[in-house]
Amino acid sequence: MQVIPPRFPKGRPRRLRRTPWIRNLVKESPVSVNDLIMPVFLTDRTGGSEEISSLPGLMRYGIDGAVELANECSGLGIPAIALFPYVDAELKTRDCSEAVNPENLVNRATRAIKQAVPDIGIMLDVALDPYNPTGHDGLVENGEVLNDETLEILVRQALVQADSGADILGPSDMMDGRIGAIRAGLDSAGHHGTAILAYTAKYASVFYGPFRDAVGSSGALTGDKRTYQMDPCNADEALRMAARDLEEGADMIMVKPGMPYLDICSLVKSTFRAPTFAYQVSGEYGMIMAGHQRGYFDLDAAVIESLSSFKRAGCDGVLTYFATRAARHLKKAGVT
């Protein structure tokens, strides 16, 4: 039933905007620290942490630095972090064998963080692009990204990540059938409690550029990823992908990028009522930072406004490089 508000002067919407407390009382989509997942970039290079030129203000962390950052996130109330490795060129092979190495960087970091900060959740990507000399998310043969052959190595990658202590696995590869294959593999190995956050509607977007630089895959990428990532023009397809991933065993679903695809976030959430996340990707981070650096707006205000848009669209949480900044701002404002 449509509710028609009373007309002026009986109706005065400004009554509910007069003071901070009443605005908070009627706030529809508040941002909480519980909504945040902090992406963390890792490096195994000598010297520990290093700046990421394409992402001002962000760092690649050695394992010790990642442990310290995880502890900081936990202290701020951030429930989970997502780890992404920078992989040196000599470890990238056509069979992507480093992806299934139990002693690779991301698995060692997971174990170290879990030992030092056991209460924080850890999410790991299931995809081959950091380990692939072509920069693609799947195995490549004669210029073609192979689907079924990739599934086998993705399952092996998921298993070593679960063995290392990952709480959430994020298949970001967009191969057909990977959610069902990974779920079956995890359950067969006894990892019944390991959750899957599927990159369900991952679009072939220009907004990933700084991220690819951060994990060392941008210069290696040959061709593009449009044979497996979604066309930015498609919305109905996102619903088909969400239905497929949920049926195959995904516990949560994600839309990526975030702000350019808020309509997709809203559509997916309203259709399936499943836990729905968005990834505020590196290009979005870069645009907000550039606006702030040019003096166009206050950074904290822009961050919170951008995160509010995800909540308004129906998202249950957001992967954002602003997670620690937003958490500190919310804490200072007394928002839990």
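The structure we're discussing is the one just above.
What comes next concerns the included structure.

So, how was this worked out
Residues numbered from 1 in each chain as written. Predicted model: local features only at pLDDT ≥ 70, side-chain atom pairs only at ≥ 80, totals over all residues. Heavy atoms only, no water. Axes fitted to C-alpha atoms, helices over the stretch in contact; angles between N-to-C directions. Helix = DSSP H or I, 4+ residues; strand = E, 2+ residues; numbered from the N terminus. Left-handed = near helix turned anticlockwise from the far one by under 90°. Contact = heavy atoms within 4.5 Å. Nonpolar A, V, L, I, M, F, W, Y, C, P; charged D, E, K, R; others polar. Core = buried A, V, L, I, M, F, W, Y, C linked by side-chain atoms within 4.5 Å. Buried < 20%, exposed > 50% of the residue type's maximum accessible area, 1.4 Å probe, protein only. Phe/Tyr/Trp six-rings, centres within 6.5 Å; stacked < 30°, edge-to-face > 60°. Parallel < 35°, antiparallel > 145°, perpendicular 65-115°, else oblique. Pairing = 2+ DSSP bridges. Right-handed = clockwise from strand over helix to strand, strands pointing away.

### Quick look at the packing of helix α2 (residues 63-76) against helix α11 (residues 323-332)
Helix packing geometry: the angle between the two helix axes and the distance between the axes.
Line of reasoning, step 1. α11 packs onto α2 with a crossing angle of 30° between their chain directions and a minimal axis gap of 10 Å. Our pair here, α2 against α11, has a crossing hand that is left-handed. Every residue of α11 that contacts α2 at L69, E72, C73, G75 and L76 is listed here: T324, A327, R328 and K331.
Line of reasoning, step 2. Broken down by class, the residue content of the contact of α2 with α11 amounts to four nonpolar, two polar and three charged.

### What about the nonpolar core?
Line of reasoning, step 1. One finds F41, I81, L83, I113 and Y279 to be the most contacted residues of the largest nonpolar core, which totals 106 residues.
Line of reasoning, step 2. At seven residues, the largest contribution of residues to this core is made by α2.

### Points about the packing of aromatic side chains
Line of reasoning, step 1. Applying the stated rule across the entire model yields seven aromatic pairs.
Line of reasoning, step 2. Considering the side-chain rings of F41 and F84, the 6.0 Å spacing of their centres and the 40° angle between planes classify their relative orientation as tilted. Of this pair, F41 sits in strand β1 (residues 36-42) while F84 sits in strand β4 (residues 80-85), and the two are 43 residues apart along the sequence.
Line of reasoning, step 3. With a relative accessible area of 2%, F41 lands in the buried category.
Line of reasoning, step 4. A ring pair is formed by Y203 and Y261, whose centres lie 4.3 Å apart and whose planes are at 20°; its orientation type is stacked.

### Quick look at unusual backbone geometry
Line of reasoning, step 1. The step from F8 to P9 runs through a cis peptide bond, and the omega angle for that step is 15°.
Line of reasoning, step 2. Here P9 lies in the segment before α1 (20-25).
Line of reasoning, step 3. Residue P257 is reached from K256 by a cis peptide bond, and omega for that bond is -5°.
Line of reasoning, step 4. Inspection of the secondary structure assignment puts P257 in the loop between β10 (252-256) and α8 (262-272).
Line of reasoning, step 5. Positioned with a positive phi, R273 is a non-glycine residue whose angle comes to about 55°.
Line of reasoning, step 6. Following the sequence through the fold, R273 ends up in the loop between α8 and β11 (276-280).

### Examining the packing of α2 against helix α3 (residues 105-116)
Line of reasoning, step 1. Here α2 crosses α3 at 45°, and the two axes come no closer than 9 Å. When the axes of α2 and α3 are compared, the pair comes out oblique. When you trace α2 past α3, the crossing you get is right-handed. Contact with α2, carried on its side by I63, A66, V67 and A70, involves L105, R108, A109, A112, I113 and A116 of α3 and no other residues of that element.
Line of reasoning, step 2. Counted by class, the contact of α2 with α3 contains nine nonpolar, no polar and one charged residues.

### A few points about the pairing of strand β8 (residues 168-171)
Line of reasoning, step 1. Where burial is concerned, the two faces of β8 agree: the one with I168 and G170 and the one with L169 and P171 are both buried.
Line of reasoning, step 2. Alignment of strand β5 (residues 121-126) against β8, held across four bridges, turns out to be parallel. Bridge pairing in β8 places D125 opposite G170.
Line of reasoning, step 3. Bridging between β8 and strand β9 (residues 195-202) involves two bridges; their strand directions are parallel. Looking across to β9, one finds that L169 is bridged to I196.
Line of reasoning, step 4. In this fold, β8 hands off to helix α5 (residues 178-188), which returns the chain to β9; that crossover is right-handed.

### Re the pairing of strand β12 (residues 317-320)
Line of reasoning, step 1. Where burial is concerned, the two faces of β12 agree: the one with G317 and L319 and the one with V318 and T320 are both buried.
Line of reasoning, step 2. As paired strands, β1 and β12 are joined by two bridges and run parallel to one another. When the bridges of β12 are listed, I37 appears paired with L319.
Line of reasoning, step 3. For β11 and β12, the ladder comprises four bridges, and the chain directions are parallel. Bridging across to β12, Q280 finds its partner in T320.

Read these as spatial facts, not as claims about activity.
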